[in-house]
Amino acid sequence: FFFFFCLLLRGMKSGGSGVFGAWTSSLPLVTRVTFLIHIVSFPLCILFPSFITIGCLQPSKAVAYFQIYRFLTYVVLYRNVIHFGLSMFGFLAISPTLESGLGSTRYAHLFLTMTVIVGVIYSFGAALASFIIGRHFSFWEVCTIGLSSPLLAMSVIYVYNFRRSTPLFSIGSLEIPATIIPPISMLFVEVLPTTAFWCHFGALILGYMFVRGVLQRVLLSTSTVDMIESSSLFGYFKHWTIFAPCPENLLPTSEATSTRSSPAKLSSQYTRTISNTNTNTNATNDIKSNTTPSTTTTTTNSNSNAMRSGSGGRGKEDFNNGVVAAA
């Protein structure tokens, strides 16, 4: 762990060199910092188990005692090497691509937002379950830890935007789509002991809500990203070679992406805007056929600019009477 920590820290600005140089230099900023935080936190969880008690997502503490920091800290806590290894494998498989497609600032905000929403939904769901069936039969006292829940939500976004056009594998003429990866991953995780089913299930639903366009508004607009990146606090990171700039277009939703679509396609809102712009342009040309060329050009450009400006931008371990579950 110390080796990986030094390797990532060494290449924080310009990328590493040596055996793992190419790999470390390919990790964008937020992915690299997140991986570094988890590499530091895992040994601390093993050496000091009290960290799990303090930071886990335990609904009875997060809701009843208003310990809202638990909605974020639970993702950097791990119970054993298998738990840590599987989470980091999945994270490194999708995070670099997502960060490059969204930009470092927008990706960091989306991942943190999904982490908090998963924690809030799980905690208040536990509160409701304890009220209906009793706290001793619900997951009100369960101490949930790990990155796998928000990772499931992000994996849905990943496959629907960057792997949907490529089949997972083929059996003769039958192609198995990559979109089965998130639910299959959840089923695989549930086979393992001490997992938090409802936390995983809620995260999976959250991911599908995003790709269907229900939660698209949680994405930062381009103007907000520009304002954040131009601030004195965050503007410094823009000059790092591992910083992923924010692209002009948002990620497409599943409704706007065909089975053979490309991740480079525009968002559904942006695509509809372009279509409407072309329609309005043609209508303008028909109506203004008797006007001078300069007037037609001005009207068409103003309509086009107006249309474009509207585009979107759980053995059981006892911790304070709670059972530890992997999220």
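Residues numbered from 1 in each chain as written. Predicted model: local features only at pLDDT ≥ 70, side-chain atom pairs only at ≥ 80, totals over all residues. Heavy atoms only, no water.

Chemist: Help me out: how do you make sense of the overall build of the protein chain in this one?
Modeler: Counting secondary structure elements, the protein chain contains 14 helices and 5 strands. When the 327 residues of the protein chain are sorted by exposure, 46% land in the buried category. As displayed, the protein chain offers around 16700 Å² of accessible surface, 66% of which is attributable to carbon and sulfur atoms. (Helix = DSSP H or I, 4+ residues; strand = E, 2+ residues; numbered from the N terminus. Buried < 20%, exposed > 50% of the residue type's maximum accessible area, 1.4 Å probe, protein only. Areas by Shrake-Rupley, 256 points an atom, 1.4 Å probe, with all protein chains shown as cover.)

Chemist: Looking at this structure, I do not really get the side chain of Gln 58. What am I missing?
Modeler: Residue placement: Gln 58 occurs in the loop between α4 (50-55) and α5 (59-62). Accessibility expressed as a relative area gives 0% for Gln 58, which makes it buried. There is a polar contact of 3.2 Å between the side chain of Gln 58 and the side chain of Glu 141. (Polar contact = N/O pair within 3.5 Å; in protein donor to acceptor, adjacent residues only side chain to side chain.)

Chemist: What is the right way to read helix α3 (residues 29-47) from this model?
Modeler: Within an α-helix, residues lying three or four positions from one another point in the same direction, as the helix has 3.6 residues per turn. With 19 residues, α3 extends 28 Å between its outermost C-alpha atoms, agreeing within 8% with the 27 Å of an ideal straight helix rising 1.5 Å per residue. Looking only at α3, the buried set comprises Leu 29, Val 30, Thr 31, Arg 32, Phe 35, Leu 36, His 38, Ile 39, Ser 41, Phe 42 and Cys 45. (Expected span 1.5 Å × (residues − 1).)

Chemist: I would appreciate a short explanation of a nonpolar patch on the surface in the present structure.
Modeler: Together, Val 40, Leu 44, Ile 46, Leu 47, Phe 48, Phe 51, Ile 54 and Tyr 69 line one region of the surface with nonpolar side chains, adding up to about 710 Å² of accessible area. Breaking the nonpolar patch down by element, the ones donating at least two residues are α3 and α4. Note that Leu 47 resides in helix α3. (Patch = residues over 30% accessible without salt bridge, like charges linked within 9 Å, V, L, I, M, F, W, Y side chains within 5 Å. Salt bridge = Lys/Arg side-chain N within 4 Å of Asp/Glu carboxyl O.)

Chemist: Quick question: what am I supposed to make of the pairing of strand β3 (residues 174-177) here?
Modeler: Within a regular strand, the side chains alternate between the two sheet faces. Where strand β2 (residues 167-171) lies against β3, 4 bridges are found, and the strand directions are antiparallel. Paired with Ser 170 across the bridge in β3 is Glu 175. Between β2 and β3, which pair antiparallel one after the other, the connecting turn spans 2 residues, and Gly 172 there sits at a positive phi close to 65°. (Pairing = 2+ DSSP bridges.)

Chemist: In this structure, what is going on with the environment of Lys 61? I would like to understand it.
Modeler: With respect to the helices and strands, the residue Lys 61 is situated in helix α5. The spatial distance from the C-alpha of Lys 61 to the C-alpha of Glu 141 is 8.3 Å, given a sequence separation of 80 residues.

Chemist: Looking at this structure, I do not really get the nonpolar core. What am I missing?
Modeler: Counting residues in hydrophobic clusters, the biggest one holds 52 residues, and the most contacted among them are Leu 110, Met 154 and Phe 210. Every element with two or more residues in this core is listed here: α3, α7 (81-102), α8 (104-133), α9 (148-163) and α11 (197-211). The residues contacting Met 154, other than those within four sequence positions of it, are Ile 94, Leu 98, Tyr 107, Leu 110, Phe 111 and Met 114. Ile 52, Leu 77, Cys 143 and Val 324 belong to the second largest nonpolar core, which has 7 residues in total. (Core = buried A, V, L, I, M, F, W, Y, C linked by side-chain atoms within 4.5 Å. Contact = heavy atoms within 4.5 Å.)

Chemist: Whenever I open this one, the packing of α8 against α9 confuses me. Can you help?
Modeler: Axes are the key here: two packed helices are described by the angle between their axes and the distance separating the axes. In contact at an axis separation of 9 Å, α8 and α9 are set at 130° when each is read in the N-to-C sense. Between α8 and α9, the interaxial angle falls into the category oblique. In this structure, α8 meets α9 at a crossing whose hand is right-handed. From α8, Tyr 107, Leu 110, Phe 111, Met 114, Thr 115 and Val 118 reach across to α9, where they touch Ser 149, Pro 150, Leu 151, Ala 153, Met 154 and Ile 157. The residue inventory of the contact of α8 with α9, partitioned by class, reads 10 nonpolar, 2 polar and no charged. (Axes fitted to C-alpha atoms, helices over the stretch in contact; angles between N-to-C directions. Parallel < 35°, antiparallel > 145°, perpendicular 65-115°, else oblique. Left-handed = near helix turned anticlockwise from the far one by under 90°. Nonpolar A, V, L, I, M, F, W, Y, C, P; charged D, E, K, R; others polar.)

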